[in-house]
4 protein chains.
Amino acid sequence: MIGIGVVGYGYWGPNLARCVSEAEGSRLAGIADLSPQARKRAAARYPAARIEEQWQSLVADPAIDALIVATPTRWHFEIALAALRAGKHVLIEKPIASSAREAGILIEEAARRGLTLMVDHTFVYTGAVQKIRELVSEGAVGDIYYYDSTRINLGLFQSDVNVIWDLAVHDLAILDYVLDARPLAVSATGAGHIKGSPENMAHITLYLEGGATAYLNVNWLAPVKIRRTLIGGSRRMIVYDDVEPSEKVKVYDRGVSVAETSESPEAPDEIRRLLLNYRMGDVWAPQLSVKEALLTEIEHFVDCIEQGKAPMTGGASGLHVVTLLEGASQSLKRRGHPVELVGMRQAS
Amino acid sequence: MIGIGVVGYGYWGPNLARCVSEAEGSRLAGIADLSPQARKRAAARYPAARIEEQWQSLVADPAIDALIVATPTRWHFEIALAALRAGKHVLIEKPIASSAREAGILIEEAARRGLTLMVDHTFVYTGAVQKIRELVSEGAVGDIYYYDSTRINLGLFQSDVNVIWDLAVHDLAILDYVLDARPLAVSATGAGHIKGSPENMAHITLYLEGGATAYLNVNWLAPVKIRRTLIGGSRRMIVYDDVEPSEKVKVYDRGVSVAETSESPEAPDEIRRLLLNYRMGDVWAPQLSVKEALLTEIEHFVDCIEQGKAPMTGGASGLHVVTLLEGASQSLKRRGHPVELVGMRQAS
Amino acid sequence: MIGIGVVGYGYWGPNLARCVSEAEGSRLAGIADLSPQARKRAAARYPAARIEEQWQSLVADPAIDALIVATPTRWHFEIALAALRAGKHVLIEKPIASSAREAGILIEEAARRGLTLMVDHTFVYTGAVQKIRELVSEGAVGDIYYYDSTRINLGLFQSDVNVIWDLAVHDLAILDYVLDARPLAVSATGAGHIKGSPENMAHITLYLEGGATAYLNVNWLAPVKIRRTLIGGSRRMIVYDDVEPSEKVKVYDRGVSVAETSESPEAPDEIRRLLLNYRMGDVWAPQLSVKEALLTEIEHFVDCIEQGKAPMTGGASGLHVVTLLEGASQSLKRRGHPVELVGMRQAS
Amino acid sequence: MIGIGVVGYGYWGPNLARCVSEAEGSRLAGIADLSPQARKRAAARYPAARIEEQWQSLVADPAIDALIVATPTRWHFEIALAALRAGKHVLIEKPIASSAREAGILIEEAARRGLTLMVDHTFVYTGAVQKIRELVSEGAVGDIYYYDSTRINLGLFQSDVNVIWDLAVHDLAILDYVLDARPLAVSATGAGHIKGSPENMAHITLYLEGGATAYLNVNWLAPVKIRRTLIGGSRRMIVYDDVEPSEKVKVYDRGVSVAETSESPEAPDEIRRLLLNYRMGDVWAPQLSVKEALLTEIEHFVDCIEQGKAPMTGGASGLHVVTLLEGASQSLKRRGHPVELVGMRQAS
């Protein structure tokens with residue numbers, strides 16, 4: 001039974017704590033939060049858990065084997081590093097850290113000590129994303145042409161990071177998991193509309209090795225909630241709509257292919273058009289696992305700790321995503337000027 | 001009764017011809033198309049109209065007062081210029097021409113001769129766009145923050161222009177009509193997936209005078225048809241979904257505003273968040289005119305000819321849009337590198 | 001080339017006339033309508049067709065081989081009978097006649113003369129209904145449990161028939177085509193809300209031979225348009241949503257089956273529940289033919305005339321449907337009191 | 001602080017227990033369930049609560065002021081009666097009891113002892129139903145024409161009651177709360193498709209005093225989940241779609257009215273049609289309270305106990321609904337034969 005402490009009991013922390021308490025193999029050993037109201041709620045809900053104001057108390061507790069860091073992003077690094085140095089395994093809410101430099105230090109520290117370092121890229125653990133990876137891996141989509149995602153709603157404005165560091169993380173994590181293609185360059189545009197707040201809206205284009213492109217549209221200030229991703233390929237296309245209560249993933253047997261006829265550049269338009277075949281076939285919505293993603297993730301964390309396995313969303317995923325966030329933020333400041341992503345890790 | 005000839009009876013021409021035949025005040029005088037099959041269909045449908053292979057025959061016909069050009073884009077300029085020089089009024093399918101230079105020449109020619117020059121920016125004549133302009137003009141939306149449009153489907157690949165010149169035109173025309181804000185710079189990214197075809201997918205960001213931004217997502221190779229535009233403002237937000245059979249335009253009384261409290265930079269996150277007010281109010285779908293947009297447009301064309309009025313979508317609109325298309329195409333080639341739009345006309 | 005005359009050029013007649021003019025093998029020979037405006041529209045659209053005030057002129061015309069009757073229901077019988085007696089083939093807009101007695105006389109007259117008698121049950125000719133019949137026939141649905149249809153909108157109130165005779169006809173025709181099951185009894189309820197108008201809302205239950213049931217919800221006074229049919233079976237279930245622009249037919253691999261364990265009546269609830277297996281499998285939307293149903297139907301009419309074949313929606317279908325309409329109307333007056341349907345034809 | 005015990009910790013009981021623990025003014029004092037697994041889950045979640053196998057232990061506990069009965073329906077009466085006799089206030093999951101007779105006895109017992117008796121008609125406490133009642137009460141809908149509800153999905157088959165006693169209860173409770181119109185007669189049809197299970201599908205028509213009608217379509221064996229209610233009125237119409245994540249209630253300014261012209265029975269169809277005005281106006285989605293309905297309900301229960309107020313869904317509502325369930329079940333057995341509802345309470 002792995003004893004787990006949770007630092008941060010604000011918006012996302014309660015979900016993590018609940019999953020720790022429900023998962024096989026883990027025990028909710030402690031919760032820390034600066035806010036007295038949060039501690040009161042935590043104590044009422046988990047009378048058996050140790051409730052603390054300071055995260056240091058959890059780090060110092062020998063009954064705690066692993067720490068989950070669910071604080072605002074700017075504190076991730078300090079807390080996670082202290083926990084690793086105290087010999088605790090660590091799971092960090094996304095993004096893993098405020099910079100690629102910080103992420104690198106955490107990875108090194110965990111590696112040196114043989115500890116599990118994992119980042120909470122929750123979507124990777126959903127039935128939908130698992131199925132999409134399976135479809136892509138087995139070739140059902142063919143060559144990947146593009147990934148195009150819209151992730152917008154009237155959301156909580158963060159005070160310390162812009163919308164890219166909040167919402168685009170999800171897509172970058174999914175991309176990393178599903179496509180395994182190295183990004184070469186990024187162009188991003190965006191704007192902030194509320195005085196004193198960071199950018200609340202951004203559009204990002206990633207140029208991937210092999211020719212595919214990825215587009216992300218993220219927005220905290222939209223009137224409606226949209227969570228929809230299109231994946232276009234040479235054989236089939238996928239629509240993943242996370243707002244749908246059922247049929248979240250649909251596979252379209254649709255596309256365009258070039259006919260094998262010898263093309264004459266002299267041919268009039270009408271004829272040239274005929275040389276493209278438009279395929280409009282069936283649509284298929286595979287049944288998906290309905291197990292809660294966060295619970296799956298916590299059980300995976302426990303499993304990695306116990307078996308010494310590499311997590312599906314380990315420190316390297318976290319670093320990968322943060323590197324892209326840094327590149328996108330740079331490009332955003334320069335109104336879309338493309339930023340080369342040198343030194344990105346090779347596709348695994 | 002204005003006698004009107006239609007050049008091009010392929011995909012869009014039949015709709016124009018039908019509206020000419022149905023509109024008050026116009027008479028379908030002739031149709032020209034290079035394809036024998038197209039001419040056969042035209043003759044069967046309009047036994048009273050003159051059917052010709054060569055557009056020159058219509059230009060030379062004194063019974064024809066005005067010409068509609070519905071050919072592939074690359075022929076717009078030559079045909080329209082000849083028609084103007086023959087003293088005919090001209091309506092040109094979008095985009096008005098292949099370049100800003102060509103558009104400028106057509107505008108000059110029409111002005112010199114006192115002829116009506118109009119571009120077929122159909123969406124401007126829909127009940128939906130009319131209502132949106134009305135809402136924006138009367139201040140219902142407040143300060144415009146952004147325009148964000150997705151216009152994708154599995155569409156006909158054009159052979160002579162990329163997707164920007166086909167689909168983005170619609171949004172640029174709507175923007176021009178609704179917002180009246182001068183674009184300052186453009187960043188565009190995109191890709192082509194079918195060998196030998198131009199780019200079939202693009203994402204465009206426009207930086208507008210006054211601080212608003214506009215985003216366009218256009219795609220010929222998408223598995224589903226989406227036609228949805230979000231307009232965010234300081235007072236309200238609009239969603240325009242053209243695929244919806246009814247309730248195409250919805251007005252959301254939602255938004256975020258900064259509370260008037262004095263903010264302390266020392267305040268913890270939880271408190272700073274409270275200083276933003278999230279407003280979640282009613283939603284309202286105004287009833288829209290259901291008159292066919294193209295019929296409205298043809299009647300407006302006839303009216304402009306008869307009354308000597310300036311069209312809502314005259315040559316200047318056409319030039320404006322083509323200038324943006326040129327800027328976006330340049331940026332696309334440079335992977336999002338922003339292109340300054342010098343010399344764009346002042347907001348009217 | 002079959003010369004066809006169309007009687008009635010009001011709401012539906014123009015569609016029939018257009019399809020006659022477009023179909024292979026037919027020629028639009030004449031149109032009759034009492035209204036001068038309708039005749040004016042018809043003449044402008046079809047300058048080559050004979051346009052008459054009185055239907056008798058078409059019946060008397062030897063150049064007309066077949067007549068389509070698209071008038072209000074109460075005139076169907078008189079016109080169709082006269083046409084048959086004049087040796088014309090006849091296609092009648094639904095419902096075929098005002099009573100089963102009238103329908104029987106038309107069937108007899110057509111049979112005696114060896115003429116084609118067909119009823120315009122348009123939905124039978126859609127790609128959607130064709131696919132559904134195929135799925136049901138090949139056993140994909142298993143044993144049919146139920147057919148449950150909602151067909152409502154803010155529609156044109158008819159003055160001479162209630163909503164059952166207008167909207168329920170569509171479902172009764174689809175049922176007849178897809179299920180081939182003899183109805184045994186009918187219960188119907190309903191109400192009229194507009195003074196002086198017949199019932200504008202009704203709910204009908206049909207008890208079918210073999211144990212299946214069919215439910216129809218029809219309404220002229222609904223705020224939204226819904227056209228959705230559920231077909232439940234022992235193996236799969238179908239949802240047919242005619243308002244959807246694509247994916248009109250979806251096949252759900254879902255259902256409930258009884259487990260093969262020996263059931264103990266003593267078993268507590270929780271255990272008894274486990275004995276039912278809930279199956280939640282994939283969803284599949286087959287690609288459908290997009291050919292216009294009415295054009296398919298007119299070509300089928302011409303084909304039946306030329307080949308002497310029995311139509312898919314011949315007089316017997318028309319009679320079948322009218323018999324059900326009469327039964328439902330009787331039950332409606334008695335607030336749901338079930339009406340036995342004696343003498344309905346055997347399932348074919 | 002009211003001490004509350006919950007009997008039954010299966011499907012719905014955990015939600016009730018959670019709300020008791022979260023509500024202001026109540027304390028979760030005990031939970032009883034026959035199943036060891038349920039008791040284990042309850043104990044882990046609520047270490048401070050008394051966990052018992054037998055409900056009698058809670059009834060006998062003086063620290064428990066009120067009991068919530070969340071068992072299968074057939075045990076409601078016995079447990080509730082014992083609790084009332086022990087001087088406890090009682091809240092019963094819907095339906096209140098297995099028969100009108102039982103419901104009457106509970107009402108009498110509670111009245112005699114001055115105890116609060118309430119039934120868990122959860123939907124009455126939703127923001128949506130609260131808003132609908134407000135709209136109806138203030139006359140926004142005008143005269144009520146009809147209530148038409150579809151409540152279907154692939155749901156848990158109950159072993160002791162048919163689908164009417166499970167799903168139709170919700171609509172009957174909403175109807176009782178929103179319309180205040182006395183039902184005069186009921187016609188119901190339905191079928192069971194799974195051997196050994198009660199009817200899983202039913203259609204019910206209620207004839208209401210004043211001329212309105214209500215229609216309910218309930219089904220445990222549907223491939224998709226639909227929760228949609230239409231309310232038609234002389235001034236406006238409402239669509240309540242509970243599956244929608246937002247905009248659950250929409251108000252349509254649509255309808256049909258008879259023009260004030262003198263009608264001639266001789267007038268031809270086309271003219272008579274013009275005498276009906278079809279109104280197609282705006283659509284409006286009011287913002288709704290998003291507070292959890294069950295929490296609102298529990299707080300109302302506590303408030304009624306403390307203040308001695310009559311609950312919004314008291315014993316009389318429970319009896320009213322059960323009386324309708326009995327009538328509908330009778331009619332169902334007779335294939336729609338209408339059942340008069342004599343002795344229904346007067347509209348309040």
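Residues numbered from 1 in each chain as written. Chains lettered and ligands numbered in written order. Predicted model: local features only at pLDDT ≥ 70, side-chain atom pairs only at ≥ 80, totals over all residues. Heavy atoms only, no water.

Trainee: Explain the domain arrangement of chain A to me, using residue names and the numbers behind them.
Mentor: Residue and element names in this part refer to chain A. In terms of domain boundaries, chain A breaks down into domain 1 (2-121 + 293-312) and domain 2 (124-290 + 323-340). Here domain 1 and domain 2 have C-alpha centroids that lie 31 Å from each other. At the interface, 16 residues of domain 1 touch 15 residues of domain 2. When domain 1 packs against domain 2, the two sides together hide about 1,300 Å² of surface, and 64% of this comes from carbon and sulfur. Run the count over domain 1 and domain 2 and you get two salt bridges. (Domains from an automatic or database assignment. Contact = heavy atoms within 4.5 Å. Buried area = accessible area lost by both parts, 1.4 Å probe. Salt bridge = Lys/Arg side-chain N within 4 Å of Asp/Glu carboxyl O.)

Trainee: Any chance you could break down the relation of the copies chain B and chain A for me, citing the residues and the numbers?
Mentor: With an RMSD of 0.0 Å, the operation that places chain B on chain A is a rotation of 180° combined with a shift of 0.0 Å along the axis. What the superposition gives is, in effect, a two-fold axis relating one chain to the other. For chain B, the smallest separation between a C-alpha atom and the rotation axis is recorded for His337(B), amounting to 2.1 Å. Comparing interface residues between copies, 100% of those in chain B also lie at the interface in chain A; the contact surface is shared. (Least-squares fit on C-alpha atoms with pLDDT ≥ 70 in both.)

Trainee: Describe the pairing of strand β8 (residues 183-191) of chain B, naming the residues involved and giving the relevant values.
Mentor: Residue and element names in this part refer to chain B. Within β8, eight of the nine residues are buried, leaving the element largely enclosed by the surrounding structure. Strand direction decides the pairing type here: β8 and strand β9 (residues 201-208), joined by eight bridges, are antiparallel. Pairing of Gly190 across the sheet is with Ala202, part of β9. One ladder, built from two bridges, connects β8 with strand β15 (residues 339-340); its direction is antiparallel. Across the sheet, the residue bridging to Val186 is Val339, located in β15. (Buried < 20%, exposed > 50% of the residue type's maximum accessible area, 1.4 Å probe, protein only. Helix = DSSP H or I, 4+ residues; strand = E, 2+ residues; numbered from the N terminus. Pairing = 2+ DSSP bridges.)

Trainee: Tell me about the environment of Ile238(A), and name the residues and values.
Mentor: Residues and elements named next belong to chain A. Residue position: Ile238 is located in strand β12 (residues 237-241). Residue classification places Ile238 among the buried residues on the basis of a relative accessible area of 0%. Note: C-alpha distance between Ile238 and Val141 (97 residues apart in sequence) is 7.8 Å. With near-sequence residues (within four places) excluded, Ile238 lies in contact with Ile132, Leu135, Val141, Thr229, Leu230, Ile231, Val249, Lys250 and Val251.

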